[in-house]
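An overview of the molecular structure
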Amino acid sequence: MSQKFTRRDFSKLVMAGAAGSTLSLFGGAKPLFANQKHVVVVGGGFGGASAAKYIKKLDSSIAVTLVEPLTTYYTCPFSNWVLGGLKEMKDIAQTYDVLKNTHGVEVIHDTATEIDAANHSVTLKGGKVLKYDRLVVSPGIDFDYDAIEGYSEEVANTVMPHAYKAGPQTELLAKQLQEMKDGDNVIICPPGNPFRCPPGPYERASLVANYLKKNKPNSKVIILDTKEKFSKQGLFTKGWERLYGDLIEWRAGSAGGKIVSVDPANMTVQTANGPVKGGVINVIPPQKVGKIALDAGLTNESGWCPVNPITFESTIHPGIHVIGDASIAGAMPKSGFAASSQGKVTAASIVRLMQGMVPAPPSLVNTCYSLVGPGYGISVAAVYKLTSDGIVSIKGAGGLTPMDADDDQLSEEATYARGWYNNIAQDIWG
Ligand SMILES: Cc1cc2nc3c(=O)[nH]c(=O)nc-3n(C[C@H](O)[C@H](O)[C@H](O)COP(=O)(O)OP(=O)(O)OC[C@H]3O[C@@H](n4cnc5c(N)ncnc54)[C@H](O)[C@@H]3O)c2cc1C
């Protein structure tokens with residue numbers, strides 16, 4: 001059979017709709033022909049799942065294998081809404097069925113434990129070894145638990161959840177909020193830069209305050225921040241004053257916000273200005289690159305992965321593309337939208353490279369909505385281009401919710417936020 005069809009013929013076959021049966025007959029996305037190209041993608045979150053889907057959409061003759069341990073991936077976007085009681089876990093659950101059954105991506109639920117860049121292979125925990133022509137790595141972040149005295153993965157899993165990877169951590173924090181005594185305070189400790197979703201802790205504070213206002217009116221939210229300022233600060237602060245009065249208190253690093261240690265047994269956070277007690281304590285530790293990227297030697301002295309900004313190919317290991325939170329992507333923030341945008345750009349680059357063409361300079365985008373209250377949304381958007389300074393945001397493209405936005409605009413932003421989620425989830429996993 002491999003003698004009879006050229007790749008072009010095969011693409012036509014696929015276009016004509018015969019591919020479904022052909023692919024399943026020959027076992028998912030495993031190469032059909034000796035010369036069929038194979039891309040392995042590690043990580044099925046915003047970056048990796050986007051790359052896998054879009055490679056298949058752009059050239060279905062390329063075999064794509066996605067390695068992801070989770071059968072259900074819970075998105076961090078909207079996980080704050082779950083904490084605030086506005087969504088349920090099922091609303092943020094994504095699966096890989098459509099990628100597998102409709103788009104012809106081979107999905108292996110396993111963990112990549114070793115990348116051999118020289119031999120172009122990935123070893124999985126279950127023992128499989130996958131050979132690749134090109135590899136996409138999008139493992140997201142891990143946490144630097146040791147950076148905070150008294151904190152550990154065990155403490156996070158039992159007493160002081162970070163809830164900064166959605167899933168069981170989100171459920172634990174939501175349960176703690178529900179069970180907390182009225183009158184106790186919720187302490188949120190955001191990390192220093194860089195970290196995923198810069199507005200995330202502040203949206204969380206907003207939606208927790210919204211929950212407390214209704215359910216535990218004698219409690220408040222205290223944000224103990226390492227930083228002196230934060231994303232969309234003016235807009236958040238204005239919204240907090242309007243919706244919650246003094247229910248949210250933000251302490252900057254220099255004003256006693258910086259935490260020195262935690263004492264889980266006494267539910268206390270130690271700051272330079274003394275201890276702060278909480279009924280619920282949400283510690284979001286400093287973040288580092290997902291372990292597999294570090295182990296594969298894809299990081300530089302910054303701890304993150306340097307890449308060619310056109311193709312997101314590693315500048316350390318050729319043939320490996322690093323996207324999403326793990327990559328150094330110039331002015332782009334560590335966000336799901338950015339990761340997905342990078343996934344698509346990478347997909348286009350890989351397809352072009354495999355077809356013997358030169359990858360085109362990318363156009364990248366990011367939009368980030370935050371909910372301050374159920375009918376009160378704010379957003380920031382940017383478009384990025386490549387210059388001699390790397391990936392920079394284009395002046396005048398995108399923007400921020402105006403400080404003087406009226407109630408209708410703020411309510412529309414909240415509606416757009418819901419639309420944004422539905423669209424991106426459908427675009428990636430649908
Ligand atoms: C509370 C919160 C709210 C947020 N809200 C927004 C928002 O509104 N908008 C927005 O754009 N972004 C938001 N984000 C940020 C967004 O979630 C991340 O930036 C995004 O998930 C990054 O995508 P990624 O592909 O790099 O990593 P992830 O989405 O984390 O995906 C990484 C995947 O890789 C898998 N993996 C890791 N190691 C391995 C391995 N060795 N082998 C195989 N698989 C592996 C993991 O299981 C995971 O599924 C939010 C984040 C948080 C915490």
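Residues numbered from 1 in each chain as written. Predicted model: local features only at pLDDT ≥ 70, side-chain atom pairs only at ≥ 80, totals over all residues. Heavy atoms only, no water.

Where an unreviewed UniProt entry is consulted, the chain appears under the name Flavocytochrome c sulphide dehydrogenase flavin-binding, with the organism given as Chlorobium phaeobacteroides.

1. Some details on a negative patch on the surface
For clarity, the cut-off: Exposure above 30% relative accessible area and the absence of a salt bridge qualify a residue for a patch, where like charges join within 9 Å and nonpolar side chains (Val, Leu, Ile, Met, Phe, Trp, Tyr) within 5 Å. Shrake-Rupley sampling with a 1.4 Å probe provides the accessible areas, and residues are treated as covered by the protein chains on show and by no other component. Salt-bridge detection follows one rule: a side-chain nitrogen of Lys or Arg within 4 Å of a carboxyl oxygen of Asp or Glu. Note on charges: Lys and Arg go in the positive column, Asp and Glu in the negative column, and His and the chain ends are not counted at all. Note on charges: their place is set at NZ of Lys, CZ of Arg, CG of Asp or CD of Glu. Strands here mean DSSP runs of E at least two residues long; helices mean DSSP runs of H or I at least four residues long; both are numbered from the N terminus. Between buried and exposed lies partly exposed: a residue is buried under 20% and exposed over 50% of the maximum accessible area for its type, with that area taken using a 1.4 Å probe on protein chains only.
On the surface, D404, D406, D408 and E412 cluster together into a negatively charged patch. Within the secondary structure, E412 sits in helix α12 (residues 407–429). Judged by relative accessible area, E412 falls into the partly exposed class, the value being 40%.

2. As for α12
The condition that has to hold: One fewer than the residue count of a helix, multiplied by 1.5 Å, yields its expected span. Whenever a nitrogen or oxygen atom comes within 3.5 Å of another N or O atom, the pair is scored as a polar contact, on the condition that within protein one atom can donate a hydrogen and the other can accept it, and that pairs from neighbouring residues in sequence are kept only if both atoms are in side chains.
In this model α12 runs 33 Å from its N-terminal to its C-terminal C-alpha over 23 residues, within 8% of the 33 Å that 1.5 Å per residue would give. Among the residues making up α12, those that are buried are L410, E413, A414, A417, W420, Y421, I424, A425, D427, I428 and W429. A distance of 3.2 Å separates the backbone nitrogen of D408 from a side-chain oxygen at the start of α12, and that oxygen is part of D406.

3. Some words on the site of the ligand
Which entries qualify depends on this criterion: When at least one non-hydrogen atom of a residue lies within 4 Å of a molecule or strand, that residue is treated as near it. Three categories are distinguished: nonpolar for Ala, Val, Leu, Ile, Met, Phe, Trp, Tyr, Cys and Pro, charged for Asp, Glu, Lys and Arg, and polar for the others, with Gly belonging to the last. Segment limits for the domains were obtained from an automatic or database-derived domain assignment.
Around the ligand, the surrounding shell holds 35 residues, and the nearest of these are E68, Y73, R196, D325 and G336. At 3.3 Å from an oxygen atom of the ligand is found a main-chain nitrogen or oxygen belonging to F46. Separating an oxygen atom of the ligand from a side-chain N or O atom of D325 is a distance of 2.8 Å. Coverage of the ligand by the protein chains reaches 92% of its 1,000 Å² of free accessible surface. Among the elements of the structure, α3 (46–58), α4 (79–83) and α11 (336–354) are those that each provide at least two residues to the shell around the ligand. Considering every element that reaches the shell around the ligand, the biggest residue donor is α11, with three residues. When the residues that make up the shell around the ligand are grouped by side-chain class, the tally is 17 nonpolar, 12 polar and six charged. Per-domain counts for the shell around the ligand show at least three residues from each of domain 1 (7–142 + 289–360) and domain 2 (149–286).

4. A closer look at empty space enclosed by the protein
Basically, it comes down to this: In this analysis the probe radius is 1.4 Å and the grid spacing 1 Å, with only protein atoms considered; a cavity is a set of points the probe fits into but cannot get out of, a pocket is an open set with protein on both sides within 12 Å along at least five of seven lines, and lining residues have an atom within 4 Å of a point. Grid points are joined across faces, edges and corners, and a volume is the space filled by probe spheres set on the points.
A complete count under the given rule lists one cavity of 30 Å³ or more for this structure. Reported here for the largest cavity is a volume of approximately 40 Å³. Taken together, L235, K238, R242, Y376, P402, M403, A405 and L410 make up the lining of the largest cavity. Residue classes in the lining of the largest cavity are distributed as six nonpolar, no polar and two charged.

5. Describing the packing of aromatic side chains
Filter applied, for reference: Each pair of aromatic rings taken from Phe, Tyr and Trp, with Trp reduced to its six-membered ring, is defined by centres within 6.5 Å and is described as stacked if the planes are under 30 degrees apart, edge-to-face if over 60, and tilted in the remaining cases. Whether a charge lies above a ring is judged from NZ of Lys or CZ of Arg, which has to be within 6 Å of the ring centre and within 35 degrees of the ring normal.
Tallied over the entire structure, the rule returns 15 aromatic pairs. Summarising the aromatic geometry, the rings of F78 and W81 are spaced 3.8 Å apart at their centres and angled 15 degrees between planes, so their arrangement reads as stacked. As far as the burial class goes, F78 and W81 line up, both buried. Summarising the aromatic geometry, the rings of Y202 and F230 are spaced 3.9 Å apart at their centres and angled 10 degrees between planes, so their arrangement reads as stacked. One end of the pair, Y202, is in helix α8 (residues 200–215); the other, F230, is in the loop between β12 (221–224) and α9 (233–244), with 28 residues separating them in the sequence. Following the ring pairs from residue to residue traces out a cluster consisting of F78, W81, F337, W420 and Y421. The residue whose ring lies beneath K57 is Y54, and the NZ or CZ to ring-centre distance is 5.8 Å. It is K334 that lies over the ring of W304; its NZ or CZ is 4.0 Å from the centre.

6. Here's the deal with the environment of A49
For clarity, the threshold we go by: Any two residues whose heavy atoms approach within 4.5 Å at even a single point are treated as in contact.
In this fold, A49 is placed in helix α3. Taking relative accessible area as the criterion, A49 reaches 0% and is therefore assigned buried. On a C-alpha basis, the gap between A49 and S138 in space is 8.9 Å, while along the polypeptide they are 89 residues apart. With residues up to four places along the chain from it excluded, the contact list for A49 reads G43, G44, L99, I428 and W429.

7. Brief notes about the domain arrangement of the chain
Buried accessible area, meaning the area lost when the parts come together, often serves as the stated size of an interface. Our working definition: Computed with a 1.4 Å rolling probe, the buried area is the accessible surface lost when two parts are put together, summed over both parts.
Here the chain is partitioned into domain 1 (7–142 + 289–360) and domain 2 (149–286). The straight-line distance from the C-alpha centre of domain 1 to that of domain 2 is 33 Å. Residue-level contacts link 19 residues of domain 1 with 21 residues of domain 2. Both faces considered, domain 1 and domain 2 share a buried interface measuring about 1,700 Å² in area, 63% of it formed by carbon and sulfur atoms. At the junction of domain 1 and domain 2, the tally comes to two salt bridges. Measuring nitrogen to oxygen at the nearest pair gives 2.7 Å for the salt bridge that ties R196 to D325. Our count for the contact surface shared by domain 1 and domain 2 stands at eight residue pairs in polar contact (both at pLDDT 80 or more). Where the side of domain 1 that touches domain 2 is concerned, the elements lending two or more residues are α4 and β10 (141–143). Among the elements that take part in the side of domain 1 that touches domain 2, α4 stands out by supplying five residues, more than any other. Taken together, the residues that form the side of domain 1 that touches domain 2 break down as 11 nonpolar, five polar and three charged.

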